[in-house]
Amino acid sequence: MLYSKVAAHEKRRLFREQLAATFGSGGPMRFPGAFNPLSARLIERKGFEGVYISGAVLAADLGLPDIGLTTLSEVAGRGEQIARITDLPAIIDADTGFGEPMNVARTIQELENAGLAGAHIEDQINPKRCGHLDGKAVVDEGTATKRIRAAADARRDDNFLIMARTDIRATADGPHGLDLAKDRAKALVDAGADAIFPEAMRSLEEFEAIRSAVDVPLLANMTEFGKSELFTTQQLADVGMNIVIWPVSMLRISMGATGRALDTLIEEGSLTSKLDEMQHRADLYDLIDYEDYNHFDTSVFNFTVEK
Ligand SMILES: C[C@](O)(C(=O)O)[C@H](CC(=O)O)C(=O)O
Ligand SMILES: [Mg+2]
């Protein structure tokens, strides 16, 4: 009912504990992307370990491309709406940090205020683009590490996870690109990154190479229609990944289903044939704990919804 009662600092503490356990026998923590607060609830109910908040989804939700048009206030605001509705830790995509290192510092404090458990800051130039597109460019090592140092210094809760994302792999073909990624990952860890997000890895062997380069938690991005093959969580566990995200997947699924339903509406003039695909009213009410609001007033939920 209402918002999560687990305080943000407690979510972060538990997250760090669980993340540390992924270095032992535990598999990677699974963070499907929540495209709104309600979907975060569903992710929690299904038993996942965390919620990812994607910049690409946030931009797409506003009808915008993912090129750094969204503002810190928009991102922090949406992050807060999603983080507060779930007991799970939420990690948010902070793009390039919204400016210079001093802006990155403020970004981290705002995201802490918003109740998030961590954020990733990437080393792309502005304007940035999706990490799985061609033609990306990254800033030099000095600029990238300054962003991360500013982020690490700014946080007030040591358990807020500062994740450095590097997009450098795609700036050179073949083994050279991978070497650049290993070197960049090491430099980012030295600058204070708690975790690394090696973007656009092409194979399990590439993930493994980053694993052997640094000794901090690693995130694997299983976004569809991109540069990476879609590996299973088990395959990613086997190469030492600690967090897996499916950042845009649930939005893609929902938009795909919505498009098909709109076609049905045009063709059949009704959505009767789609009822089986819909979340039932009863399941929606269950997900938002409707009945529990009788705690305030017993006439709030005094009806039944047949399934
Ligand atoms: C993870 C990512 O940064 C995001 O914003 O969700 C994107 C995902 C995507 O566009 O598929 C990315 O750059 O990989
Ligand atoms: Mg992004």
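Owing to the predicted nature of the structure, the values given are computational and were not obtained by experimental measurement. (Residues numbered from 1 in each chain as written. Chains lettered and ligands numbered in written order. Predicted model: local features only at pLDDT ≥ 70, side-chain atom pairs only at ≥ 80, totals over all residues. Heavy atoms only, no water.)

## As for the overall build of the chain
Short version of the rule: Under the scheme used here, helices are H or I runs from DSSP no shorter than 4 residues and strands are E runs no shorter than 2 residues, and both carry numbers assigned from the N terminus. Using C-alpha atoms as the atom set, the radius of gyration is obtained and then compared with a globule rule of 2.2 Å times the number of residues to the power 0.38. Under the scheme applied here, a residue whose accessible area is under 20% of the maximum for its type counts as buried, over 50% as exposed, and between as partly exposed, the area being computed with a 1.4 Å probe on protein chains only. Contact between two residues is taken to exist if any of their heavy atoms lie within 4.5 Å; hydrogens are not considered.
Each helix and strand counted, the chain has 11 helices and 8 strands in total. The C-alpha atoms of the chain give 20 Å as radius of gyration, which agrees with the globular expectation for 307 residues (19 Å, within 12%). Over its C-alpha atoms, taken along the principal directions, the chain stretches across nearly 60 × 45 × 40 Å. The buried share of the chain, taken over its 307 residues, is 48%. Counting contacts in the chain only where the partners sit at least 6 residues apart, residues at least 24 apart contribute 70% of the total.

## Re the pattern of salt bridges
Quick reminder of the rule: Every case where a carboxyl oxygen of Asp or Glu lies within 4 Å of a side-chain nitrogen of Lys or Arg is listed as a salt bridge.
Overall, the coordinates contain 24 salt bridges when judged by the stated rule. Two residues, D194 and R155, come together in a salt bridge whose shortest N-O distance is 2.6 Å. On the criterion of sequence distance, the pair formed by D194 in the loop between α7 (174-190) and β6 (195-198) and R155 in the loop between α6 (141-154) and β5 (161-166) is long-range, its members being 39 residues apart. Side by side, D194 and R155 carry an identical accessibility label, which is buried. As a salt-bridge pair, K182 and D179 come within 3.9 Å of each other at their nearest N and O atoms. Highlighted residues: K182 and D179, both in helix α7, separated by 3 residues, approximately one helical turn. On the basis of relative accessible area, K182 is assigned to the partly exposed category, the value being 24%. If you follow the salt bridges from partner to partner, you end up with D95, E122, K128, K136, R165, D167 and E199 in one network.

## Considerations on the sheet that holds β6
Here is the rule: Pairing between two strands requires that DSSP report at least two bridges joining them. Orientation is described by lines fitted to C-alpha atoms, with helices fitted over the stretch in contact, and by angles between N-to-C directions that extend from 0 to 180 degrees.
As summarised here, the arrangement of the 5 strands in space is β2-β3-β4-β5-β6, forming an open sheet in which the pairing is parallel. The strands lining the two open edges of the sheet, one partner per strand, are β2 (51-53) and β6. Direction aside, the axes of adjacent strands within the sheet are offset by 25° on average. By the bridge criterion, 5 bridges tie strand β4 (residues 118-122) to β5 in an arrangement that is parallel. Within the sheet, the bridge partner assigned to I121 lies in β5 and is A164.

## A short note on the domain arrangement of the chain
Formally: Note: domain ranges come from an automatic or database domain assignment. Summed over both partners, the accessible surface that disappears when two parts come together, traced with a 1.4 Å probe, is what is meant by buried area. Polar here means any residue other than Ala, Val, Leu, Ile, Met, Phe, Trp, Tyr, Cys and Pro, which are nonpolar, and Asp, Glu, Lys and Arg, which are charged; Gly is therefore polar.
Taken domain by domain, the chain consists of domain 1 (8-250) and domain 2 (255-300). Around 480 Å² of area is buried between domain 1 and domain 2 when both sides are counted, 52% of it from carbon and sulfur atoms. Considering only the side of domain 1, the residues that lose the most area to domain 2 are L38, R41 and R45, jointly responsible for 85% of the buried surface there. Classifying every residue of the side of domain 1 that touches domain 2 gives 2 nonpolar, no polar and 2 charged.

## Here we look at the environment of A200
When you line up the elements, A200 lands in the loop between β6 and α8 (204-213). Between the C-alpha atom of A200 and that of G226, which follows or precedes it by 26 residues, the distance is 7.7 Å. Apart from the residues within four sequence positions on either side, A200 is in contact with G131, H132, K136, R169, K227 and S228.

## A word on the pairing of β6
Of the two faces of β6, the one carrying A195 and F197 and the one carrying I196 and P198 are both buried. Of the strand pairs in this sheet, β5 and β6 are connected by 4 bridges, and their pairing is parallel. Along β6, the bridge assignment pairs M163 with A195.

## Notes on the sheet that holds strand β8 (residues 243-246)
Ordered by their spatial adjacency, 3 strands build an open sheet running β1-β8-β7, and the pairing between neighbours is parallel. Of all strands in the sheet, those with a lone pairing partner are β1 (29-32) and β7 (219-221), marking the two edges. Each strand axis lies, on average, 20° off the axis of its neighbour in the sheet, ignoring direction. Of the strand pairs in this sheet, β1 and β8 are connected by 4 bridges, and their pairing is parallel. Note on β8: the bridge partner recorded for R30 is V244. Against the sheet, helix α1 (residues 8-21) touches β1 and β8, its axis set at about 125° to β1.

## Focus: empty space enclosed by the protein
To keep things clear, this is the line we draw: Cavities and pockets were defined on a 1 Å grid built from protein atoms only: a cavity is a group of points that admits a 1.4 Å probe but offers it no way out, a pocket is an open group of points flanked by protein on both sides within 12 Å along at least five of seven lines, and a lining residue is one with an atom within 4 Å of any such point. Grid points are joined across faces, edges and corners, and a volume is the space filled by probe spheres set on the points.
Counted under the stated rule, the structure contains 2 cavities of 30 Å³ or more. Considered as a void within the structure, the largest cavity measures approximately 40 Å³ in volume. In terms of residue class, the lining of the largest cavity is made up of 6 nonpolar, 1 polar and 2 charged. Lining the second largest cavity, in full, are I121, E122, D123, A144, R147, I148, A164, R165 and L188.

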